[in-house]
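Reading the structure
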Amino acid sequence: MTLPNDVIVKLILADLASPLIVVLFAVGAYLFRPRSRGRAARWLDWLTFAASLLCLLIAAALAWAPPAQEIPPASISILGVVKVDLLIDALSVYFILLVNLVAFAASCAVLTSPPEAERAHLFDGLVNLFHFTMLLVAVVNNLVVLWIAIEATTLVSTLLVSWRGDRAAWEAAWKYLLVTSTGIIFALLGTMFLANAAKDLLNLLPATEQDQVMNFTFLRDHITRLSPDFVRLSFLFVVVGYGTKAGFAPMHTWLPDGHAEAPAPISVLLSGVLLKSALYAILRFATLTNTALGNSQFTSAVLLAVGIFSLVAATPFILNEKNTRFKRVLAYHSLEHMGIITFGVAIGGDLALFGALLHTLNHAVTKSLMFLSFAKVMERFKSIKVFEQADITGVFKRMPVTGGILAVGGLALVGTPPFNIFLSEFVILSGAFKNLKAGATNLPAWLVVMAIVVFMISTTLIFYGLVRHLARLLLMPHEREETRPAVGATAISAPVRLEPRPRELVPLMGLLVLVVALGVSIWQPLARLIQLSVQTLMLR
Amino acid sequence: MKDLLSPDSLTGILDLLEILLVVTALAVTTTDAVKSVIAAYRVQSLLLAATTALAAVIKLLEGKQVTVSLILLIAFLPLVLLIAIRPLLVRATVLRQDQPRREDIQVLLAGMFAWIVERFSWNEPVRRRLKAYRQLEADAEDAWRDRHAPTRSQSFLLVFPALLLLAFLAAFSISPPNFERTERIGLAVSLALHLIGLYNMTLPQRDIISQTVGLLLMDHGLYLAVVKIVAIPVPATIFVLSLYFYTAITVFILLILLPQLRQQVRSIDRAEIKRTSPLVDAYKVKSDDASQ
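Description of the structure in this document. (Residues numbered from 1 in each chain as written. Chains lettered and ligands numbered in written order. Predicted model: local features only at pLDDT ≥ 70, side-chain atom pairs only at ≥ 80, totals over all residues. Heavy atoms only, no water.)

**Looking at the overall build of chain A**
Across its full length, chain A carries 20 helices and two strands. Relative to the globule expectation of 24 Å for 540 residues, the C-alpha radius of gyration of chain A, 23 Å, shows essentially globular dimensions. A principal-axis box enclosing the C-alpha atoms of chain A has dimensions of 90 × 65 × 45 Å. Among the 540 residues that make up chain A, the fraction classed as buried is 64%. A separation threshold of at least 6 residues defines the contact pool for chain A, and within that pool the share at least 24 residues apart is 81%. Here chain A has roughly 19100 Å² of accessible surface; of this, 67% comes from carbon and sulfur atoms. Across chain A, the centroid of the 40 positively charged side chains sits 5 Å from that of the 31 negatively charged ones. (Helix = DSSP H or I, 4+ residues; strand = E, 2+ residues; numbered from the N terminus. Rg over C-alpha atoms; globule rule 2.2 N^0.38 Å. Buried < 20%, exposed > 50% of the residue type's maximum accessible area, 1.4 Å probe, protein only. Contact = heavy atoms within 4.5 Å. Areas by Shrake-Rupley, 256 points an atom, 1.4 Å probe, with all protein chains shown as cover. Lys, Arg positive; Asp, Glu negative; His and termini not counted. Charge placed at Lys NZ, Arg CZ, Asp CG, Glu CD.)

Laid out in structure tokens, this is it:
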């Protein structure tokens with residue numbers, strides 16, 4: 001079943017407009033701040049929730065009936081001055097679904113957390129602007145506008161990373177913006193090289209449509225006329241540039257600080273979708289490069305190197321037991337999983353690509369669960385004056401339900417069956433073995449085998465590392481608990497229960513259900529959407 | 001005179017200006033004093049504006065299909081940075097109590113247009129704000145002087161030629177066959193500015209002000225790249241838009257991020273900031289408790 005094209009375009013526009021409308025309300029709340037002080041806190045949070053729910057429903061509708069092929073060119077006009085061409089195909093619909101799902105989870109977390117009070121208008125405004133910019137990344141056709149959209153996500157997210165306003169937050173924001181701004185320059189250079197090569201294609205376009213020369217769809221159809229060397233060069237620069245934003249090693253130095261110091265809903269958005277937005281840009285350029293070169297050997301080699309290096313780079317940091325700040329450990333898991341996704345893309349073929357795209361969703365869901373669960377733990381431990389992450393231990397005793405969710409989420413994160421991440425990793429590896437067996441690898445077989453071995457060793461070590469961190473967090477007695485009764489005392493005082501209210505656990509339960517459900521089976525509509533996305537990437 | 005204004009002569013002057021850009025980048029990297037780093041950067045901004053304007057004139061004389069106005073729009077960007085960089089870095093350096101935003105902006109504007117205000121303005125409030133800016137400037141220069149870590153890296157004598165060689169080799173090998181000599185040189189200088197700027201940012205002995213100037217060097221490389229590589233009308237428009245957007249982010253760093261960071265870390269020295277940073281990988285050491 002497919003929706004009519006005009007309906008799809010209208011749904012996309014409604015999806016883009018929803019967070020922007022909340023931004024307008026937030027601006028209004030700022031302008032009328034004296035009257036709405038205090039009261040702005042919650043109604044804006046509810047509005048954000050409503051907008052993100054609407055976006056998710058739209059994305060679900062699109063995902064249920066995705067376009068089998070890219071729909072004919074559509075464009076939107078901003079204030080009648082700037083025209084932005086849209087690219088709507090299965091891959092963009094999939095990423096729209098991803099963005100909206102994680103944004104919804106983040107909005108639920110905002111609603112179940114203490115309100116921001118005085119700065120609610122700013123926080124909700126920025127969160128919705130962030131949401132909008134990530135949606136824009138998924139639908140723009142022009143590669144330069146894509147760059148602008150990704151840079152817009154950087155600007156907005158910097159303000160959110162620094163939200164707490166203390167030294168650590170500002171330092172993290174500084175590092176984040178400096179490193180990603182440096183990297184993104186290379187992405188623009190890569191796009192420029194492509195633009196220079198593409199000037200030979202200008203005569204294929206009417207004079208009034210020459211601005212389309214940098215559209216993905218146009219380049220994809222004509223890129224075989226361009227110099228392969230220039231296209232390769234462009235791809236290399238783009239991988240370095242967007243790879244910095246995607247958190248690939250060795251450009252990942254901003255990632256642990258940025259994810260760890262941001263408020264939990266923002267960590268969810270950063271880890272769950274921002275990294276994937278940058279990866280989306282790389283995937284589009286990879287499609288162009290593969291088309292220009294006639295095969296995917298070059299892109300596979302580059303992405304394999306980047307993916308495996310990222311996976312290996314994450315391992316020692318996760319294994320380090322002295323790294324007692326759990327949010328930083330979770331941030332390093334983002335590095336690991338981006339490496340796994342890139343590994344899957346590099347392996348290529350239907351199955352591995354399917355696994356890689358599925359992994360983007362599974363990682364987003366599981367990481368959201370982990371960040372939000374741990375945020376609840378931190379919030380509740382603050383009530384007994386435990387402020388440092390390193391001091392949080394014995395969570396099971398004080399918060400058995402939340403601790404259980406953390407435990408399950410943690411096991412899911414390291415690829416334990418029967419959870420979602422295990423399934424997508426299994427599919428990626430199955431794809432790799434299938435290619436090896438059929439002799440259909442993009443790269444030399446020995447290289448693929450070595451990469452698989454490194455993959456399995458790293459993920460095993462990471463499993464051990466996280467389980468150790470979880471054991472410390474969940475099981476190690478808290479220093480405030482008396483493990484033995486003092487002399488003369490008659491009983492050990494029971495630890496204070498810190499479990500949050502049931503309604504605060506609803507978002508976590510929802511994510512947990514997804515983590516389990518996506519591990520048990522892949523729903524048919526989702527599987528079809530991912531298959532269509534794979535075909536889009538492989539240009540079928 | 002006619003020969004001097006021929007495209008070939010002007011192209012020669014253009015190449016010379018681009019070489020001077022590299023020389024100023026060397027000055028930014030090798031000088032110890034923060035004040036001199038900023039001065040060298042401002043000279044480079046002026047040179048880049050002149051380079052861009054000259055590139056537009058050459059395109060006009062050659063009758064090439066290019067939107068001259070777009071190139072001139074790019075020339076505007078380094079001029080903005082030339083005027084704004086010193087006042088912004090002064091403001092970012094000085095630790096001060098929160099003051100009304102309006103007053104803050106007025107003092108900043110007075111600093112940006114100090115030359116005009118000193119000579120042509122007799123408006124008392126404006127002159128008072130300029131005086132306030134001069135006091136800020138004096139405090140900033142004291143802070144820059146007090147920074148202990150030397151910036152000059154002994155290895156730079158080897159690194160700089162290597163970076164330059166890498167940039168020129170890369171530019172001349174990756175340039176397509178239809179690139180003219182001036183475009184290749186422009187690409188080479190652009191890559192050199194990127195690499196030198198990147199090197200500046202990674203030097204551990206540097207302060208955060210000079211580190212920011214390193215990022216701004218890379219901005220200059222980007223402007224030059226757009227002028228030299230993307231000189232075709234229609235896509236050039238969107239690239240100019242992207243440059244303006246990127247410059248807005250740079251201004252955000254200078255206007256908001258850097259001052260906030262400075263207020264929090266209390267030092268501009270990177271080594272000192274790293275030493276006292278709460279952002280280290282680990283590590284809550286319980287040895288203090290264990291030893292007691």
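**Describing the overall build of chain B**
Looking only at helices and strands, one finds twelve helices and zero strands in chain B. Element order for chain B, N to C, with α for helix and β for strand: α-α-α-α-α-α-α-α-α-α-α-α. Per-residue burial for chain B yields a buried fraction of 53% across its 292 residues. Pairs at least 24 residues apart make up 76% of the contacts formed inside chain B by residues separated by at least 6 positions. For chain B, the exposed surface amounts to about 13400 Å²; the carbon and sulfur share of it is 64%.

**Considerations on the interface of chain A and chain B**
Taken together, the contact between chain A and chain B spans 55 residues of the former and 51 residues of the latter. Carbon and sulfur atoms make up 75% of the surface buried where chain A meets chain B, a total of about 4800 Å² over both sides. The largest share of the area that chain A buries against chain B comes from Arg167(A), Trp170(A) and Trp174(A), three residues that together contribute 17% of it. Linking chain A with chain B are zero salt bridges, by the criterion used here. Counting across the chain A and chain B interface gives seven residue pairs in polar contact (both at pLDDT 80 or more). Breaking the side of chain A that touches chain B down by element, the ones donating at least two residues are helix H6 (143-161), helix H7 (167-198), helix H9 (228-246), helix H10 (255-261) and helix H13 (326-347) of chain A. Sort the elements by how many residues they give to the side of chain A that touches chain B and H7(A) lands first, with 21 residues. (Buried area = accessible area lost by both parts, 1.4 Å probe. Salt bridge = Lys/Arg side-chain N within 4 Å of Asp/Glu carboxyl O. Polar contact = N/O pair within 3.5 Å; in protein donor to acceptor, adjacent residues only side chain to side chain.)

**Details of helix H20 (residues 524-537) of chain A**
Residues and elements named next belong to chain A. With 14 residues, H20 extends 20 Å from end C-alpha to end C-alpha; this agrees with the ideal 20 Å at 1.5 Å per step. Among all positions of H20, only Leu526, Ala527, Leu529, Ile530, Leu532, Ser533, Val534, Thr536 and Leu537 are buried. Remark: Leu539 follows H20 within two positions and exhibits a positive phi of approximately 60°. (Expected span 1.5 Å × (residues − 1).)

**Quick word on the pattern of salt bridges**
A pair can form between side chains of opposite charge whenever their charged atoms are brought close. According to the stated counting rule, one finds 23 salt bridges over all chains in the structure shown. Between Arg42(A) and Asp45(A) there is a salt bridge, with its nearest N and O atoms 2.6 Å apart. Taken as a pair, Arg42(A) and Asp45(A) lie in helix H3 (residues 40-64) at a separation of three residues, close to a single helical turn. Under the relative-accessibility criterion, Arg42(A) is labelled partly exposed at 27%. Ionic pairing is found between Glu141(B) and Lys35(B), a salt bridge with its closest N-O pair at 3.7 Å. Of this pair, Glu141(B) sits in helix H6 (residues 124-146) while Lys35(B) sits in helix H2 (residues 34-62), and the two are 106 residues apart along the sequence. On the accessibility criterion, Glu141(B) (15% relative accessible area) is buried.

**Digging into the nonpolar core**
All names here are of chain A. Counting 291 residues, the largest nonpolar core has Leu194, Tyr242, Leu269, Phe326 and Phe343 as the members making the most contacts within it. Per-element tally for this core: the top contributor is H7, with 20 residues. When neighbours within four sequence positions are excluded, Leu194 is seen to be in contact with Leu143, Met214, Leu219, Ile223, Leu226, Val231, Ser234, Phe285 and Leu288. (Core = buried A, V, L, I, M, F, W, Y, C linked by side-chain atoms within 4.5 Å.)

**A short note on the packing of helix H14 (residues 349-382) of chain A against helix H17 (residues 420-438) of chain A**
Residue and element names in this part refer to chain A. Running from N to C, H14 and H17 cross one another at 165°; their axes reach a closest spacing of 8 Å. Comparing the axis directions of H14 and H17 gives the class roughly antiparallel. As H14 packs across H17, the resulting crossing turns out to be left-handed. In this structure, H14 contributes Gly349, Leu351, Ala352, Phe354, Gly355, Ala356, Leu358, His359, Asn362, His363, Val365 and Thr366 to the contact, and H17 contributes Asn420, Ile421, Ser424, Glu425, Val427, Ile428, Ser430, Gly431, Lys434 and Asn435. Here the contact of H14 with H17 is composed, by residue class, of nine nonpolar, eleven polar and two charged. (Axes fitted to C-alpha atoms, helices over the stretch in contact; angles between N-to-C directions. Parallel < 35°, antiparallel > 145°, perpendicular 65-115°, else oblique. Left-handed = near helix turned anticlockwise from the far one by under 90°. Nonpolar A, V, L, I, M, F, W, Y, C, P; charged D, E, K, R; others polar.)

**Notes on the packing of helix H1 (residues 7-30) of chain B against helix H7 (residues 156-174) of chain B**
All names here are of chain B. As a packed pair, H1 and H7 sit with axes 12 Å apart at the nearest point and diverge in direction by 150°. As judged from the angle between their axes, H1 and H7 are roughly antiparallel. Once H1 is placed against H7, the crossing between them reads as right-handed. Packed against H1, whose contacting residues are Val22, Leu26, Thr29 and Thr30, the element H7 presents Phe156, Phe160 and Leu164 at the interface. Of the residues belonging to the contact of H1 with H7, the class tally is five nonpolar, two polar and no charged.

**A word on the side chain of Thr180(A)**
All names here are of chain A. Its location among the elements puts Thr180 in helix H7. The buried category is assigned to Thr180, whose relative accessible area is 1%. There is a polar contact of 2.6 Å between the side chain of Thr180 and the backbone oxygen of Tyr176. In contact with Thr180, other than residues within four places in its own chain, are Thr154, Thr244, Lys245 and Trp254.

**Some points on the environment of Leu164(B)**
Residues and elements named next belong to chain B. With respect to the secondary-structure elements, Leu164 resides in helix H7. When the C-alpha atoms of Leu164 and Ala188 are compared, they prove to be 8.3 Å apart, with 24 residues separating the residues in sequence. The contacts of Leu164, once residues within four sequence positions are left out, are Val22 and Ala192.

**Brief notes about a nonpolar patch on the surface**
All names here are of chain B. A contiguous nonpolar surface patch, about 890 Å² in accessible area, is contributed by Ile83, Ile105, Leu109, Phe113, Trp115, Ile116, Phe120 and Trp122. Going through the elements one at a time, helix H4 (101-112) and helix H5 (114-120) are the ones with two or more residues in the nonpolar patch. Top element by residues in the nonpolar patch is H5. It accounts for three residues. Mapped onto the elements, Trp115 comes out in helix H5. (Patch = residues over 30% accessible without salt bridge, like charges linked within 9 Å, V, L, I, M, F, W, Y side chains within 5 Å.)

**Digging into the environment of Arg129(B)**
Residue and element names in this part refer to chain B. In this structure, Arg129 sits in helix H6. Taking the C-alpha atoms as reference, Arg129 lies 8.9 Å from Leu109; in sequence the two are 20 residues apart. Contact partners of Arg129, with chain neighbours within four places excluded, come to Glu103, Gln106, Val107 and Ala110.

**What to know about the side chain of Thr247(B)**
Residue and element names in this part refer to chain B. Considering the arrangement of structural elements, one finds Thr247 in helix H10 (residues 233-265). The exposure class of Thr247 is buried, given its relative accessible area of 5%. Among the polar contacts made by the side chain of Thr247, one reaches the main-chain carbonyl oxygen of Leu243 at a distance of 2.8 Å. Those residues in contact with Thr247 that sit more than four places away from it in its chain are Leu77 and Tyr223.

**A short note on unusual backbone geometry**
Residues and elements named next belong to chain A. In this chain, Ala249 is followed by Pro250 through a cis amide linkage whose omega measures 0°. Mapped onto the elements, Pro250 comes out in the loop between H9 and H10. Pro417 connects to Pro418 through a cis peptide bond whose omega is 5°. The residue Pro418 is located in the loop between helix H16 (400-413) and H17 in this model.

**Regarding the packing of aromatic side chains**
A complete count under the given rule lists 18 aromatic pairs over all chains for this structure. On the basis of an interplanar angle of 15° and a centroid distance of 6.2 Å, the ring pair of Phe168(B) and Phe172(B) is categorised as stacked. Within this pair, Phe168(B) and its partner Phe172(B) are both found in helix H7, separated by four residues, close to a single helical turn. We classify Phe168(B) as partly exposed; its relative accessible area is 24%. Chaining the aromatic ring pairs together yields one cluster made of Phe186(A), Phe193(A), Phe230(A) and Phe237(A). For the cation-ring pair, Arg232(A) lies above Phe298(A), with the distance from its terminal atom to the ring centre recorded as 5.8 Å. The residue whose ring lies beneath Arg284(A) is Phe216(A), and the NZ or CZ to ring-centre distance is 4.9 Å. (Phe/Tyr/Trp six-rings, centres within 6.5 Å; stacked < 30°, edge-to-face > 60°. Lys NZ or Arg CZ within 6 Å of the ring centre and 35° of its normal.)

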